[in-house]
Amino acid sequence: MPTDPAAPQEKAPSRNFIQQIIDADRAAEKNEGRVHTRFPPEPNGYLHIGHAKSICLNYGLAREYGGKFNLRFDDTNPAKEEQEYVDSILDDLHWLGADWEDRLFFASDYFDQLHQWAVQLIKAGKAYVCDLDADQMREYRGTLTAPGKESPFRDRSVDENLDLFARMKTGEFPDGSRILRAKIDMASPNINLRDPVMFRIKRAHHHRTGDKWCIYPSYDFTHGQSDSLEGITHSICTLEFENHRPLYDWFCEALEIHHPQQIEFARLNLTYTVMSKRKLLQLVTEKHVAGWDDPRMLTLRGLRRRGYTSESICAFCERIGVSKVNSTIDMAWLEDAIREDLNERAPRALGVLRPLKVVLTNIPEGETLEMSAPNHPQKPELGTRTVPLSREIFIEQDDFMEQAPKKFFRLKPSGEVRLRAAGIIRCDEVVKDASGQIVKLHCTFDPDSSRKVKGTIHWVSAAHALSAEVRLFDHLFSCENPDDVPEGGTFLDNINPNSLEILTNAKLEPSLANAEPGSHFQFERSGYFFVDPTDSKPGRPVFNRTATLRDTWAKMKK
RNA sequence: UACCCCGUAGUGUAAUUGGUAACACUAGGGAUUUUGAUUCCCUCAUUCCAGGUUCAAGUCCUGGCGGGGUAGCCA
């Protein structure tokens, strides 16, 4: 049917507040209509899902408006930064799919320019060298409710400031003995404007500039200028920098340079996890997890190893939106995003996590039947594969109940159930050991599966099964907000002791022996699994459970 | 007790800039199903509170209340 151009159009997709700002800027032809964003990580840790939100936002905006996107490392504090982090961030960004083309920058590239600008501000009487030490600085700064007082060094002459700053640079003074400050307003209600630090003396080896410098610019004296130098139009950061914006603006104006607009949005919070670098680091260093790429960690490396795809993470970031409201997203949204992606792309397989042996008494010993199973029920074009069936098979322990409730559609004594892609079995006998534990089931197999049966279960032929290690993960914390602890407690008290379960005796269909590390499968009725890229060996894959399938039965039991 | 930001279903994001609350996820129902999966339907808010302006307020004004941020020579 031809579309009628006069017909009411689909409602315009809603615009978030940043898009609205950019729309307005472009309408006013600000920056000649250009859009240029950037992602500015400090290389002092690994990227996590919260960074992904920022990356998708910045990169997405640049693409949407046909603009540019830069990657810039904010490396102004050599004491905390390392090349290792630079490398991992580069790698994670590539994986995520962000493309900065040839625009990879480092704030440390601008140290000379920043130094020059500092001299310029000194000459303009807008910056001075202060001899107060850190404790004195704090005293003079005042408090949230009380104004600060001016430093006794505030009115030094330009020449003296120039001389002192030059000597700071040449290394004449010890660390912390002097500092270069902007001369703004010690009584400002915004503490960031109470003569903030521009350059500090710090003898530390920088991962890029080595020992060239012993003075380093502060964040506030670096960030806006770096944006400016790169022609950034919209400098997007998180809410805690709101109070820094007046200072960002002050430096751009005092220096009379291109003035990007800082825009703040709410950082991502998720239930059942922590997001701060400090806490993630603590989890790693105190060995509550195996490392930065532990599949339970919401670092990009952790998610990647867990089996999350970059597409699912971007879809998630798209779905959560962006605003200035402090909010906490339900972890279920992340799980939903990966299920949605993997449901499409993951080929199906049969895998029994906790095996229970079943003897199909009417199949002769040594005989192997070849069953044909679809690789994807909704995508016949993905074809089928052969799954062997023989006298002894494994089924999931949960799929048999001796005393079954009425709604239990699986196997029970004298009951029938369908074996996926095979046939129907009837449970004739429950075999137990001396202690009453169920050892195995005796069933009869009916290859005619045209009959209607309530339940269908997965299975694996015992003689052909691949025994594999399967790792199951749960939330790292057992409550929605791990930081919600009684007096004297810490977030570590809320660690979920059962967040990792390793199954060493899972039974998988034999085709999985050749599963490629880094590939995804759905074990039918169970979940999505990822072949661990670092621990798998040829012929001996290790599977990480990325996510379970939705399970309405499990919910009914509650 | 200072300044700044923010309050819309359980969660998150919208609402053509003053025109009668939408979308997604969750939850609860139902249909289909050789995965209790997928898919598909249905149900769930008078927008923090109180005044005010207006024919009309989630949107504007005033005053409350609530949440968050800020006192590194961290970013």
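See the structure above.
Below: a short report on this structure. (Residues numbered from 1 in each chain as written. Chains lettered and ligands numbered in written order. Predicted model: local features only at pLDDT ≥ 70, side-chain atom pairs only at ≥ 80, totals over all residues. Heavy atoms only, no water.)

**Focus: the overall build of chain A**
Phase 1 of the analysis: Summing up its helical and strand segments, chain A has 13 helices and 25 strands in all.
Phase 2 of the analysis: Its C-alpha radius of gyration of 31 Å places chain A more than 25% over the 24 Å reference for a compact globule of 558 residues.
Phase 3 of the analysis: Expressed as a percentage of the 558 residues in chain A, the buried residues total 51%.
Phase 4 of the analysis: Counting only contacts in chain A whose residues sit at least 6 apart along the sequence, the fraction spanning at least 24 positions is 71%. (Helix = DSSP H or I, 4+ residues; strand = E, 2+ residues; numbered from the N terminus. Rg over C-alpha atoms; globule rule 2.2 N^0.38 Å. Buried < 20%, exposed > 50% of the residue type's maximum accessible area, 1.4 Å probe, protein only. Contact = heavy atoms within 4.5 Å.)

**Digging into the pairing of strand E17 (residues 423–432)**
A regular strand carries its side chains on alternate faces of the sheet.
Phase 1 of the analysis: For strand E16 (residues 416–419) and E17, the ladder comprises 4 bridges, and the chain directions are antiparallel. Bridging across to E17, Glu416 finds its partner in Arg426.
Phase 2 of the analysis: Hairpin connection between E16 and E17: a loop of 3 residues separates the two successive antiparallel strands, and Ala421 in this loop has a positive phi of roughly 65°.
Phase 3 of the analysis: Pairing of E17 with strand E18 (residues 438–446) involves 8 bridges; the strand directions are antiparallel. In the sheet register, Val430 faces E18, and the bridge partner there is Leu441.
Phase 4 of the analysis: In this structure, the hairpin formed by E17 and E18 is closed by a connection of 5 residues, where Gly436 is found at a positive phi of approximately 90°. (Pairing = 2+ DSSP bridges.)

**Some remarks on the protein's contact with RNA strand B**
Phase 1 of the analysis: Taken together, 69 residues lie around RNA strand B, and Ser323, Arg348, Ser449, Gln522 and Arg550 are the ones closest in.
Phase 2 of the analysis: Taken together, the sugar and phosphate atoms account for 61% of what RNA strand B places within 4 Å of the protein.
Phase 3 of the analysis: Gln378 places a polar side-chain atom, nitrogen or oxygen, 3.2 Å from a base oxygen of RNA strand B.
Phase 4 of the analysis: Contacts to RNA strand B include Phe409, whose backbone N or O atom sits 2.9 Å from a base oxygen.
Phase 5 of the analysis: No other element matches the 4 residues that helix H13 (residues 552–557) contributes to the surface near RNA strand B.
Phase 6 of the analysis: For the surface near RNA strand B, the per-class residue count stands at 22 nonpolar, 22 polar and 25 charged. (Near = heavy atom within 4 Å. Polar contact = N/O pair within 3.5 Å; in protein donor to acceptor, adjacent residues only side chain to side chain. Nonpolar A, V, L, I, M, F, W, Y, C, P; charged D, E, K, R; others polar.)

**Some details on the pattern of salt bridges**
A side chain with one charge can pair with a side chain of the opposite charge if their charged atoms come near.
Phase 1 of the analysis: Counted under the stated rule, the structure contains 51 salt bridges.
Phase 2 of the analysis: Linking Arg301 and Asp91 is a salt bridge whose minimum nitrogen-to-oxygen distance equals 3.5 Å. Note that Arg301 is positioned in helix H10 (residues 300–306) and Asp91 in helix H3 (residues 83–96), a separation of 210 residues in sequence.
Phase 3 of the analysis: In this structure, Asp294 and Arg296 form a salt bridge, with 2.8 Å as the shortest nitrogen-oxygen distance. An identical accessibility class is assigned to Asp294 and Arg296; each is buried. (Salt bridge = Lys/Arg side-chain N within 4 Å of Asp/Glu carboxyl O.)

**Some points on the sheet that holds strand E21 (residues 466–473)**
Phase 1 of the analysis: With respect to topology, 7 strands assemble into an open sheet ordered E10-E23-E24-E25-E21-E22-E11, the strand pairing being mixed. A single partner strand is all that each edge strand has here, and the edge strands are strand E10 (348–349) and strand E11 (351–352).
Phase 2 of the analysis: This element, helix H12 (residues 331–345), spans E10, strand E23 (520–523), strand E24 (527–531) and strand E25 (542–548) of the sheet and lies at about 120° to E25. (Axes fitted to C-alpha atoms, helices over the stretch in contact; angles between N-to-C directions.)

**Details of the pairing of E18**
Phase 1 of the analysis: Two elements, strand E12 (residues 355–360) and E18, share 4 bridges in a ladder whose sense is parallel. Across the sheet, residue Val359 finds its bridge partner in E18, namely His442.

**Notes on the packing of aromatic side chains**
Phase 1 of the analysis: Considering all chains together, one arrives at 16 aromatic pairs under this definition.
Phase 2 of the analysis: Both rings, one in Phe111 and one in Tyr216, keep their centres 5.7 Å apart while their planes meet at 75°; by these two values the pair is edge-to-face. Here Phe111 is found in helix H4 (residues 111–123), whereas its partner Tyr216 is found in strand E7 (residues 215–217), with 105 residues between them in sequence.
Phase 3 of the analysis: Here Phe111 falls in the buried class, since its relative accessible area comes to 2%.
Phase 4 of the analysis: Both rings, one in Phe523 and one in Phe529, keep their centres 4.2 Å apart while their planes meet at 15°; by these two values the pair is stacked. The burial state of Phe523 is the same as that of Phe529; both residues are buried.
Phase 5 of the analysis: Taking NZ or CZ as reference, Arg208 lies 3.6 Å from the ring centre of Phe106, over its face. (Phe/Tyr/Trp six-rings, centres within 6.5 Å; stacked < 30°, edge-to-face > 60°. Lys NZ or Arg CZ within 6 Å of the ring centre and 35° of its normal.)

**With respect to the packing of helix H11 (residues 310–320) against H12**
Geometry of a packed helix pair, given as the angle between the helix axes and the separation of the axes.
Phase 1 of the analysis: For the pair H11 and H12, interaxial distance at closest approach is 9 Å and the crossing angle is 135°. Between H11 and H12, the angle falls in the class oblique. Relative to H12, the crossing made by H11 is right-handed. Residues Glu311, Ser312, Phe316, Arg319 and Ile320 of H11 form the contact with H12, whose participating residues are Trp333, Leu334, Asp336, Ala337, Ile338, Glu340, Asp341 and Arg345.
Phase 2 of the analysis: Classifying every residue of the contact of H11 with H12 gives 6 nonpolar, 1 polar and 6 charged. (Parallel < 35°, antiparallel > 145°, perpendicular 65-115°, else oblique. Left-handed = near helix turned anticlockwise from the far one by under 90°.)

**Topic: the sheet that holds E7**
Phase 1 of the analysis: Reading across from one edge, E4-E5-E6-E7 is the order of the 4 strands in this open sheet, with antiparallel pairing throughout. If you trace the sheet from one side to the other, it starts and ends with strand E4 (127–130) and E7, each paired once. Each strand of the sheet is rotated relative to its neighbour by a mean of 20°, with strand direction disregarded.
Phase 2 of the analysis: As paired elements, strand E6 (residues 197–201) and E7 share 3 bridges and run antiparallel to each other. For Arg200, the partnering residue across the bridge sits in E7 and is Tyr216.

**What to know about empty space enclosed by the protein**
Phase 1 of the analysis: Tallied over the entire structure, the rule returns 1 cavity of 30 Å³ or more.
Phase 2 of the analysis: Each pocket or cavity is described by its volume, and for the largest cavity that value is around 40 Å³.
Phase 3 of the analysis: In this structure, the largest cavity is lined by Tyr219, Asp220, His223, His244, Leu247, Tyr248 and Gln262.
Phase 4 of the analysis: Here the lining of the largest cavity is built from residues that sort into 3 nonpolar, 3 polar and 1 charged. (1 Å grid on protein atoms, 1.4 Å probe; cavity = no way out; pocket = protein on both sides within 12 Å on 5 of 7 lines; lining within 4 Å. Points joined across faces, edges and corners; volume = space filled by probe spheres on them.)

**Details of helix H8 (residues 245–255)**
Phase 1 of the analysis: Of all the residues in H8, the buried ones are Leu247, Tyr248, Phe251, Cys252, Ala254 and Leu255.
Phase 2 of the analysis: On the buried face of H8, the contacting elements are H4, strand E5 (179–182), E6, helix H7 (223–229), strand E8 (234–238) and strand E9 (261–265).
Phase 3 of the analysis: Downstream of H8 by a residue or two, Glu256 has a phi angle that is positive, lying close to 55°.

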